[in-house]
Amino acid sequence: MFPGDERHDSDTMADSAGAKNDNSKMESPPVSPLSGREKPPESPGSRSRYQVSAPGHSFRKVTLTKPTFCHNCSDFIWGLNGFVCEVCNFMCHEKCLKMVRTVCSCMAPTQVRVPVAHCFGPAGQKKRFCCVCRKHLEGNTAVRCEVCELHAHYDCATFSCGDCRLCHQDGSQDFAKDTFPHHWREGNIPSGARCEVCRCTCSSSDVLAGMRCQWCGITTHAACYLIVPPECGLGRLRNMLLHPACVRICSRNFSKMHCYRISESYQNELDNLEDADRPTKESQLATTPDSAAGKQVLKVFDGDDAVKRSHFRLVSIPRITKNVEVVESALRAFYIPDDPLEYELQDNGQQALVDDDVLNHNGTTDKAIFKENVPEAWLLRAKPQETEVLRIYAGWLKVIVAYISISKNSTVDSVIKEVLTQLGKQNEDPSSFNLVEVYMGSKQVQRRVLTGHELLLDKLQEIRKISLRQMNQTRFYIVESRNRIVQVNLLLEGLPVQLSKEEYADLLQEHLAIKSHLVTITHVYGNQGAVVLQISCFSEAERIYMLAKDTSVSNQQLTSLVLPEIMHNKLPKGDSPLLVFVNPKSGELKGRELLYGFRKLLNPHQVFDMTNGGPLSGLHTFRAVPRFRVLVCGGDGTVGWVLGVLEAIRHKLVCPEPPVGIVPLGTGNDLARILRWGVGYSGEDPHHILVSVDEAEEVQIDRWTILLDAQEITDDGKENGFLEPPKIVQMNNYFGLGIDAEVSLDFHHARQEEPGKFNSRFHNKGVYLKAGLQKLSHTRNLHKDLKLQVDKQDIELPSIEGLIFLNIPSWGSGADLWGSEGDSRYGKPRIDDGMLEVVGVTGVVHMRRVRQTKNIQSAAVLCAKRGQRRMERIVQVCCVVQGQVQSGMRSGIRLAQGNYVRITATKPIPVQVDGEPWIQAPGHIIISAAGPKVRMLRKYKHK
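### A closer look at the overall build of the protein chain
Moving on, step 1. Helix and strand counts for the protein chain stand at 20 helices and 50 strands.
Moving on, step 2. Carbon and sulfur atoms provide 49% of the accessible area of the protein chain, an area that totals close to 41000 Å².

Pasting the structure below:
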């Protein structure tokens, strides 16, 4: 991002106790923490006519031309006059000026307690406001942090500082969980939210107003949040929240996106956004309305790095303008709260403009800087100072003083001695302390330990020359030297299955050239083709991580993930943290918004993207947690995937049977239906979902093993060798043969041919129904190709088109094929009775539910009246096929009930297990109970 590749990422720069002391001091002085000036610089607000208690604002009186709301009280501003900050666009009443507590965006670095980088991704569709310029986010040029509630324009995101949530410890750093502070974020809070202090409404859909804690979720007015006690209780979700004090990760060489396992596709979208944004900025020079209104637009760079990367800000100023006013406008554009008299503008020839007596374009003399032809590109520089002042922060030490000022151009060793003396620690050994340079960037927090011979003031001038913005977001800390234990955990997936630890080591040595003295294989998941590496060197961990992403073993691409470590001994007693799996491709792509919502409400280390590593990464991370729950957001196939991996590695978990809840994002969602989680996700608030999971009751459900022993059967009934090795699969919902599986197979093939079209639940059902319609004339001879035994009893099959084995009373998006009618021959079906219900599907036309069909026909007529041709056609298809499956045209025939099933197929036949279809070769199929029952979460039945 900036020159100096030797810097490294660090999420946490201070422990909470030290940061708390630091913060108490930093809130009082309304100055930039990084200015190297002899006297405290004046912020734009301090030079303004209208003084406010919050630092940094530069208010001026303006005439309102459209309806406007106050950013302080969120009420309508009556009359024609209002007051706006020229830096951050904060608008308020005159009566609210004295009550403003929100600091200006240019002073944001002074409020950072512990610098933590953001994880920016593309913004969602909801109406939001930029947290930097406070304007409404419009179009596609907006980003949001995937971890906290920071929304910003793409250009503005660069000027936000690293003030994201602190979600883990970094390496050997430690902080107490007893005094966890609130993490406040302004604006974009839910509508109708009430202030925790005064109980009045504090939200607004018109402006950026109100404050919200990112952990406990309480909301307050901007003028009230300072009254709230500083300790955060983590709110309603505290029992399922993974406390940051219990999570540790060494992330020095890895970005936040890597640490939180956020898909790289998000970053690709941002890169595309950046490429599309650059021409827009260039075109603004010629198309801006200011040029036609007697103003001039300048391109201003804040340092050599900005010139090199062509990153500039557009500054609009009148053509007759004093030099100091132009410099002040440029400083405001870069959110730098310093005195404009200490800066200057240079043209492309590096010639400074310092003379106020310059001819303007009318040929008259005025104190202006512009002539007829003025260069468009300018470089903003700090003027040379006779004396410089550098602040050394002592936030990591248990001291009261926030920082120590240094004015001599001394070496690092001399500065450490002087700082320790001023802190009253002159008896301490200076060699036990380091001086660390910390850059609090929005996308990456970088730290570098300075060497003893470096001259600090020279270093200050070097950073200021590279980038003034970088200088405004850089601090110098004195810290105690510690022998940090480097321990990076990497999960590698995609390896061949069922190998020994030694064979995996040889394989990694061959493809990745791992250094055995730095890398240890700590866990082997042979049935998943995965290993966990513990690496004691940052550079080696980074090399393996990047190399694995471009490596294939046995024609299979490797997957590499950085995993956190949960310190289970620090977990509060009685807590049951929630492990969340989300399939972002399910449910009309609503899974992506759920993924963001859960990361924001919980610790992002407990939320896992199923498309990035699958469920193994999350289950391994929670392997030592004594008690936890699982929430799966996806379709029945996603739920079966998680349950399958859980069954395979349960012997390695301290909690081998965690209860599993479901957010239905698929097409059928049959398992979610019987557990009361609904027929499909329809945009419910993620917080309400988590509360429902916390209140859910635990139930047990049977799970079955299906052995597909594919042997060729000759005409005389003798086995004639193996066509393929036996296959073992697990079944949770149902197992189907014949017409049922054939329809699923057609849908599967259609989705493979055009996967981009299958992002809507309604479209998916339409394809299912179309496939069912095509099977109306299917031949009913399945009974000739199958032999069935249930509990060692031969079952005579009638003329059927499909044979279905039900574990739950829901099939094909909610149809109950077994039915609710009583039958003395069979017991009442239950999901935990250890019995399967065997049902045959026929082609006999019954009209037992014609009323439902008529309702669908009425919907078709309504659509036709509205001119919705495509919808009419789809609903008509729904009418025909629902008449087959759910309305009785294809009824279910009760055949048997038992706990051991044996099927013999004499020809290839389509089969499906929980919606996953394939063609099964002739042979034997055996269904039996699969070990212990699965513990599931059933939603509490509210009134």
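### Some words on the sheet that holds strand S36 (residues 704-709)
Moving on, step 1. The strand order across the open sheet formed by six strands is S39-S36-S49-S46-S41-S42, and the pairing between neighbours is antiparallel. In the strand order of this sheet, the two ends are held by strand S39 (727-731) and strand S42 (793-795), each with one partner. Taking the axes of each pair of neighbouring strands and ignoring which way they run, one obtains an average angle of 20 degrees across the sheet.

### Points about the nonpolar core
One recurring pattern in soluble globular proteins: nonpolar side chains tend to sit buried together.
Moving on, step 1. The biggest cluster of nonpolar side chains holds 142 residues, and the ones touching the most others in it are Leu-380, Phe-598, Leu-631 and Met-936.
Moving on, step 2. The greatest single-element share of this core, amounting to six residues, is contributed by helix H14 (residues 636-649).
Moving on, step 3. Setting aside residues no more than four positions away along its own chain, Leu-631 makes contact with Leu-578, Leu-579, Val-580, Phe-581, Phe-598, Gly-661, Ile-662, Val-663, Ile-689, Leu-690 and Val-693.
Moving on, step 4. Counting residues in each nonpolar core, the second largest holds 29 residues, with Val-729, Phe-805, Ala-905 and Ile-927 among its members.

### Here's the deal with the side chain of Arg-144
Moving on, step 1. Within the secondary structure, Arg-144 sits in strand S6 (residues 142-145).
Moving on, step 2. One polar contact links the side chain of Arg-144 to the main-chain carbonyl oxygen of Pro-122, over a distance of 3.4 Å.

### Points about the sheet that holds strand S26 (residues 530-535)
Sheet strands pair by backbone hydrogen bonding; their relative direction is either parallel or antiparallel.
Moving on, step 1. Overall, antiparallel pairing links the four strands, which are arranged S25-S26-S24-S29 in an open sheet. The sheet is open, and its two edges are formed by strand S25 (519-525) and strand S29 (559-563), each paired on a single side. Direction aside, neighbouring strands of the sheet carry axes that sit 25 degrees apart on average.
Moving on, step 2. Note: strand S24 (residues 488-493) against S29, five bridges, orientation antiparallel. Residue pairing across strands places Leu-492 opposite Ser-560, the latter belonging to S29.
Moving on, step 3. In this fold helix H11 (residues 538-548) packs onto S24, S25, S26 and S29, with an angle of close to 20 degrees to the strand it touches most, S24.

### Digging into the packing of aromatic side chains
Moving on, step 1. This model, assessed by the stated rule, comprises 14 aromatic pairs.
Moving on, step 2. Both rings, one in Phe-254 and one in Tyr-545, keep their centres 5.3 Å apart while their planes meet at 75 degrees; by these two values the pair is edge-to-face. Residue Phe-254 is found in the loop between strand S12 (247-249) and helix H3 (256-259), and its partner Tyr-545 is found in helix H11; the two are separated by 291 residues along the sequence.
Moving on, step 3. A residue is classified by how much of its surface remains accessible, and Phe-254, at 1% relative accessible area, is buried.
Moving on, step 4. Its end group placed over the ring of Tyr-596, Arg-144 keeps NZ or CZ at 3.8 Å from the ring centre.
Moving on, step 5. We note Lys-299 situated over the ring of Phe-312; from NZ or CZ to the ring centre the distance is 5.0 Å.

### Here's the deal with the packing of helix H12 (residues 590-601) against helix H16 (residues 686-695)
Moving on, step 1. Look at H12 against H16: their axes get within 9 Å of each other, and the N-to-C directions meet at 70 degrees. Our classification of the angle between H12 and H16 gives roughly perpendicular. Crossing hand, H12 versus H16: right-handed. Across from Leu-594, Gly-597, Phe-598 and Leu-601 in H12, the residues of H16 making contact are Pro-686, His-687, Ile-689 and Leu-690.
Moving on, step 2. Taken together, the residues that form the contact of H12 with H16 break down as six nonpolar, two polar and no charged.

### With respect to the confidence of the model for the protein chain
Moving on, step 1. Overall, the prediction assigns the protein chain a mean pLDDT of 78, with 75% of residues at 70 or greater.
Moving on, step 2. With pLDDT under 50 throughout, residues 1-48 is counted as low confidence; its partners more than four residues away or in other chains account for 160 contacts.
Moving on, step 3. This stretch, residues 275-292, has a pLDDT under 50; its non-local contacts, to residues over four places away or in other chains, come to 19 contacts.

### Digging into the side chain of His-221
Moving on, step 1. Mapped onto the fold, His-221 is located in the loop between strand S11 (219-220) and S12.
Moving on, step 2. You can call His-221 buried: its relative accessible area is 13%.
Moving on, step 3. Among the polar contacts made by the side chain of His-221, one reaches the main-chain carbonyl oxygen of Thr-201 at a distance of 3.1 Å.
Moving on, step 4. Here His-221 is in contact with Cys-195, Cys-198, Cys-200, Thr-201, Cys-202 and Met-211, once residues within four sequence places are set aside.

### Quick notes on a negative patch on the surface
Moving on, step 1. The grouping of Glu-502, Glu-503, Asp-506 and Glu-510 at the surface amounts to a negative patch.
Moving on, step 2. Looking at where Glu-502 falls in the secondary structure, it is placed in helix H10 (residues 501-512).
Moving on, step 3. A relative accessible area of 54% means that Glu-502 is categorised as exposed.

### A look at the pattern of salt bridges
Moving on, step 1. For the structure shown, the criterion picks out 27 salt bridges.
Moving on, step 2. When the shortest N-O distance is used, the salt bridge between Arg-144 and Glu-593 registers 3.1 Å. One end of the pair, Arg-144, is in strand S6; the other, Glu-593, is in helix H12, with 449 residues separating them in the sequence.
Moving on, step 3. We note a salt bridge from Glu-697 to Arg-938, for which the minimum N-O separation is 3.1 Å. Placement of Glu-697 in strand S35 (residues 697-701) and of Arg-938 in strand S50 (residues 934-938) is noted, with a sequence separation of 241 residues between them.
Moving on, step 4. Connected through salt bridges with shared partners, the residues Arg-60, Glu-86, Glu-328 and Arg-332 form a single ionic network.

### Re the state of the cysteines
Moving on, step 1. In the structure shown here, the tally under the stated rule is zero disulfides.
Moving on, step 2. Sulfur of Cys-96: no disulfide; nearest cysteine sulfur belongs to Cys-70 and is 3.9 Å away.
Moving on, step 3. The class of Cys-96 is buried, set by a relative accessible area of 2%.
Moving on, step 4. Not engaged in a disulfide, the cysteine Cys-202 finds its nearest cysteine sulfur in Cys-195; these two sulfurs lie 5.6 Å apart.
Moving on, step 5. Residue Cys-202 is classed as buried on the basis of its relative accessible area of 2%.

Calculation rules
- Residues numbered from 1 in each chain as written.
- Predicted model: local features only at pLDDT ≥ 70, side-chain atom pairs only at ≥ 80, totals over all residues.
- Heavy atoms only, no water.
- Helix = DSSP H or I, 4+ residues; strand = E, 2+ residues; numbered from the N terminus.
- Areas by Shrake-Rupley, 256 points an atom, 1.4 Å probe, with all protein chains shown as cover.
- Pairing = 2+ DSSP bridges.
- Axes fitted to C-alpha atoms, helices over the stretch in contact; angles between N-to-C directions.
- Core = buried A, V, L, I, M, F, W, Y, C linked by side-chain atoms within 4.5 Å.
- Buried < 20%, exposed > 50% of the residue type's maximum accessible area, 1.4 Å probe, protein only.
- Contact = heavy atoms within 4.5 Å.
- Polar contact = N/O pair within 3.5 Å; in protein donor to acceptor, adjacent residues only side chain to side chain.
- Phe/Tyr/Trp six-rings, centres within 6.5 Å; stacked < 30°, edge-to-face > 60°.
- Lys NZ or Arg CZ within 6 Å of the ring centre and 35° of its normal.
- Parallel < 35°, antiparallel > 145°, perpendicular 65-115°, else oblique.
- Left-handed = near helix turned anticlockwise from the far one by under 90°.
- Nonpolar A, V, L, I, M, F, W, Y, C, P; charged D, E, K, R; others polar.
- pLDDT = per-residue confidence, 0-100.
- Patch = residues over 30% accessible without salt bridge, like charges linked within 9 Å, V, L, I, M, F, W, Y side chains within 5 Å.
- Salt bridge = Lys/Arg side-chain N within 4 Å of Asp/Glu carboxyl O.
- Lys, Arg positive; Asp, Glu negative; His and termini not counted.
- Charge placed at Lys NZ, Arg CZ, Asp CG, Glu CD.
- Disulfide = S-S within 2.5 Å.

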